[in-house]
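Notes for the structure review
The lines below spell out each chain.
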Amino acid sequence: MAHGAGGKATRRLIDGIIAPLLLPHVTEALGDSALVDVNGSGIAITTDAFVVTPLRFPGGSIGELAVNGTVNDIAVSGATPLAMVASFVLEAGLPMRVLEAEVRAMAQAASEAGIAIVGGDTKVVEHGKADQMYITTTGIGLLRPGLTLGPRSVRPGDKIVVSGPIGDHGITILLARGELDLEADLRSDTRSVLPLVDAMLSVAGAGVRWMRDPTRGGVATTLNELALDTGLGIHLVEEWLPVRDEVRGACELLGLDPLHIANEGQFLAIVAAEYAEVVPGTIIGEVKDEPAAAVLVTTGYGGSRIVDMLVGDPLPRIC
Amino acid sequence: MRFVDEFRDPEVVNTVAEEIRWLTDPGRRYRFMEVCGGHTHAIYRFGLKDVLPANIELIHGPGCPVCVLPMGRIDDGLELGRQPDVIFAAFGDMMRVPGAHGSPLEHKARGMDVRIVYSPSDALKLARANPERHVMFFAIGFETTAPSTALTLMRAKAEGIKNFSVFCNHVTIIPAIRAILDSPDMRLDAFIGPGHVSTVIGCRPYEWIARDEKRPIVVSGFEPLDLLQSIVMLLRQIKARTAIVENQYTRVVPWEGNRAALAAMAEVFELRPFFEWRGLGFISQSALRIREAYAEWDAERRFEVAGVRVTDPKAAQCGEVLKGVLKPVQCKLFGRECTPERPVGALMVSSEGSCAAYYNYEHRKALGRQHATV
Amino acid sequence: MCLAIPGKIVELIADQPNLATVDVNGVRRRVDLGLLVDEHPVPGDWVLIHVGFAMSKISERDAAEQMRTLRILGEDQAAMDEVRGYGLESS
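This structure is a prediction, so every number in the text was calculated from the model and none was measured. (Residues numbered from 1 in each chain as written. Chains lettered and ligands numbered in written order. Predicted model: local features only at pLDDT ≥ 70, side-chain atom pairs only at ≥ 80, totals over all residues.)

This part covers the overall build of chain A. Within chain A one finds 8 helices and 15 strands. Its C-alpha radius of gyration of 19 Å places chain A within 12% of the 20 Å reference for a compact globule of 319 residues. Considering only C-alpha atoms, chain A reaches an extent of 60 × 55 × 35 Å along its principal axes. (Helix = DSSP H or I, 4+ residues; strand = E, 2+ residues; numbered from the N terminus. Rg over C-alpha atoms; globule rule 2.2 N^0.38 Å.)

And the structure:
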């Protein structure tokens, strides 16, 4: 079960089992989208399954996540989203209005993101065999020319930029489940990051080395994957991390680290130092040679700590 | 955040760190034990070791209620959870602790109804909301948490809620400190005392440490300035050759403790004659059980508990690390067979366990240096 | 071993003696005040919260006093540095 949470276990599942069997030809580090050459044009293709409880939450629903998530994976690969298809696995007994609401939400999100949903599939399974509804979306995009995004482009001295406050989505979901009896004026940040990616690329062009969206497992997990792929040291400065008051309050109360909490409307970028001040977003750190393959957070007193990938879901603690 | 941010002020931290350097004698080593796992976590989280001079050594004590539970108690709790219609409720801290047949989360994956709760009162709420089920709350914690469990049981009794019980694993801090001081391998100069336990028991219970064992002890808060100020106070005592109990955490810790909390504990709990602690062996009068008057809500009396003793794997040195005799990295399994992903013992699971803290915060730094030389 | 966080009492719950809504940086939760019966906490008070129970009322005066003490350390040090700068110590 820990394998779905997006951290170490997920990586082992992919690296250990899936990639060797299904992707023996892929030698590039696995990014958010795969790149396929079609008659000289680069096509980005990505797929993602969306599983969330509750289906609707402040700021969005599973349908929006399904559209925005795939749009974002294409966008951060440096491609312009073209089209997507969606498949639904529905639990028998799911009220029609619930399905309808999600399909409407998807149509709305797709329209806002400028992508067309061109096809799909629906399957119904027995009651108890699915958590109401699972949605899988697969999207394609056209790679912009002139970009060389990827871990190999990252250099010491490059800056780390995040598009906005972290932790909003994960904490919203945690609160929406109702088990912890906490209330806050907080919404999921689900949205298409395409406009911000566009803005960044038009300002910095090839000065953008790498982009990813930090979904499950949070910023820490995504940056740890980058650290492992590059062998470099990712340095974050704690005071520079943008965190909303309510996310901070919930994390302090529950003993969680905002760096491990999922985001659905943000992206991380590694940007050449000369462009870092002028691109949209907040600078949160810098790439260095050391410590190799690790993410380090410096505290306000010149102290530091390593931040590891998540093991399983973030769990509230009382100790 | 009020009452938090001001105690993290970097400028003042630097000032206090300067004072600490001023107070330390470069010719000697200082060995301070922070008893409480919450302090261990704070030290790593804020990178405080980098702020202290190298001749102050902080030794992690056994104040981690998850770490000191022997595996057999976890197995007993999970056995209770397997009863028909039982909902197993516990704090998030317990969820990945390995039992002989897997952790609570692993049991959940195999179909057991396992729920994470933030408060014992949320477990009682579950019972009210699910009258056809039985909610069993796996209670852990030192004296900080025991009063909340006690109040919850009092409420359950007052409301006549029958489908609720508690599997009580509350332990007390003083016997653990005694066991540390009695240990022949231990050389300690002073103690950083547990701040939140002391909001309940006050500062008097530590007087014997100063009087009989001649060690200074300062009851400390958890923010960087609290810990650093406590170290200043310890250094001043050492310089003045005194050994007394001091309260650094005055904004929250009353010298006499919390009367209502102690009363609730006395109403619901009594001391077990003895209890097994992981690594420290059997200690008398060190743990709580539910009194006769609340027997109906005692999971150990409602259900059959096997009471199996499960020893840790031979190579695991949880005990010595708990006592502070070994550093986590000196355990043969550390970083190899025992990692946060595949923990052998609770010290690697609990976020305040020394092994988890060391692994997550320091060990990777060392690994990073190794990478660089390849 | 005990994660406890300061929060501000926003309101006492009408029909539930001992329960209050407490705010931590914009996050609100019901907190049981049953362990603070002797202190009669009221809205506006700050309390230390652990597992959904208030453990202690926070003394704003002690907190301010502590910060004052620590800041004075800095002034003392600055004064010491200045005195050392006079070069009066024998070498």
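Our focus in this paragraph is helix H2 (residues 37–45) of chain B. Residues and elements named next belong to chain B. Across the 9 residues of H2, 9 count as buried, placing the element largely inside the fold. Every buried residue of H2 is listed here: Gly-37, Gly-38, His-39, Thr-40, His-41, Ala-42, Ile-43, Tyr-44 and Arg-45. In the stretch just after H2, Gly-47 is the one whose phi turns positive, near 60 degrees. (Buried ≥ 20, exposed ≤ 12 C-beta atoms within 10 Å, placed from the backbone.)

Let us now look at the packing of helix H5 (residues 120–129) of chain B against helix H6 (residues 146–159) of chain B. Residues and elements named next belong to chain B. Interhelical geometry of H5 versus H6 gives an angle of 25 degrees and a closest axis separation of 9 Å. Judged on the interaxial angle alone, H6 and H5 are roughly parallel. In the packing of H5 onto H6, the handedness of the crossing is right-handed. Residues Pro-120, Ser-121 and Leu-124 of H5 form the contact with H6, whose participating residues are Ser-148, Thr-149, Thr-152, Arg-155 and Ala-156. Each residue belonging to the contact of H5 with H6 can be placed in one class, and the counts come to 3 nonpolar, 4 polar and 1 charged. (Axes fitted to C-alpha atoms, helices over the stretch in contact; angles between N-to-C directions. Parallel < 35°, antiparallel > 145°, perpendicular 65-115°, else oblique. Left-handed = near helix turned anticlockwise from the far one by under 90°. Contact = placed C-beta atoms within 7 Å. Nonpolar A, V, L, I, M, F, W, Y, C, P; charged D, E, K, R; others polar.)

Further remarks concern the interface of chain C and chain B. The partner chain B presents 42 residues to the 31 residues of chain C that form the contact. Only strand E4 (46–50), strand E5 (53–57) and helix H1 (60–85) of chain C provide two or more residues apiece to the side of chain C that touches chain B. Ranked by residue count, the leading element in the side of chain C that touches chain B is H1(C), at 9 residues. Residue classes in the side of chain C that touches chain B are distributed as 18 nonpolar, 9 polar and 4 charged.

Let us now look at H1(C). With 26 residues, H1(C) should reach 38 Å at 1.5 Å per residue; the first-to-last C-alpha distance of 38 Å fits that figure. The set of residues buried in H1(C) consists of Ala63(C), Gln66(C) and Leu70(C). Looking at the packing, one finds that the buried side of H1(C) touches helix H1 (10–23) and helix H10 (224–240) of chain B. Of the residues flanking the end of H1(C), it is Gly87(C), one or two places downstream, whose phi is positive at about 65 degrees. (Expected span 1.5 Å × (residues − 1).)

What follows covers the domain arrangement of chain C. Assigned domains of chain C: these are domain 1 (1–58) and domain 2 (59–91). Placing a centre on the C-alpha atoms of domain 1 of chain C and another on those of domain 2 of chain C gives a separation of 36 Å. (Domains from an automatic or database assignment.)

Residues Val197(A), Ala269(A), Val295(A), Phe32(B), Val66(B) and Ala54(C) are the most contacted members of the largest nonpolar core, which totals 238 residues. Sorting elements by how many residues they give to this core places H10(B) first, with 9 residues. Filtering out sequence-adjacent residues up to four positions away, Ala54(C) remains in contact with Val31(C), Asp32(C), Leu33(C), Leu35(C), Leu36(C), Pro41(C), Val47(C), Leu48(C) and Ile49(C). (Core = buried A, V, L, I, M, F, W, Y, C linked by C-beta atoms within 7 Å.)

With that out of the way, let us pick up the interface of chain B and chain A. A common way to report how large an interface is uses the accessible area buried once the components associate. Listed as interface residues are 43 residues of chain B and, on the opposing side, 32 residues of chain A. Elements supplying a minimum of two residues to the side of chain B that touches chain A: H1, H2, helix H4 (104–109), strand E4 (114–116) and helix H14 (354–373) of chain B. Among the elements that make up the side of chain B that touches chain A, the one with the highest residue count is H14(B) (8 residues).

Residues and elements named next belong to chain B. What the 4 strands build is an open sheet, ordered E4-E3-E5-E6; its pairing is parallel. Only two strands of the sheet have a single partner each, and these edge strands are E4 and strand E6 (164–170). Along the sheet, successive strands turn relative to each other by an average axial angle of 25 degrees, direction set aside. Of the strand pairs in this sheet, strand E5 (residues 134–141) and E6 are connected by 7 bridges, and their pairing is parallel. Bridge assignment links Phe-137 to a residue of E6, and that residue is Val-166. Contacting strand E3 (86–90), E4, E5 and E6, H5 runs over the sheet at an angle of about 175 degrees to E5. (Pairing = 2+ DSSP bridges.)

To continue, consider the sheet that holds strand E8 (residues 217–219) of chain B. All names here are of chain B. Taking strand neighbours across the sheet as the criterion, the 5 strands line up as E2-E1-E7-E8-E9 in an open arrangement whose pairing is parallel. Edge positions in the sheet fall to strand E2 (56–63) and strand E9 (245–247), since each has one partner strand and no second. The mean angle between the axes of side-by-side strands here comes to 20 degrees, regardless of whether they run parallel or antiparallel. Judged from the 3 bridges that link them, strand E7 (residues 190–193) and E8 form a sheet pairing that is parallel.

To continue, consider the pairing of strand E12 (residues 268–271) of chain A. Residue and element names in this part refer to chain A. The alternating pattern of E12 places Leu-268 and Ile-270 on one face and Ala-269 and Val-271 on the opposite face, and all of these are buried. As judged from the 4 bridges shared by strand E8 (residues 159–162) and E12, these two strands associate in the antiparallel manner. Counterpart to Val-161 in the pairing with E12 is Ala-269. Bridge count between strand E10 (residues 208–212) and E12: 4 bridges; the pairing is antiparallel. Each bridged residue has a counterpart across the sheet, and for Val-208 the counterpart in E12 is Val-271.

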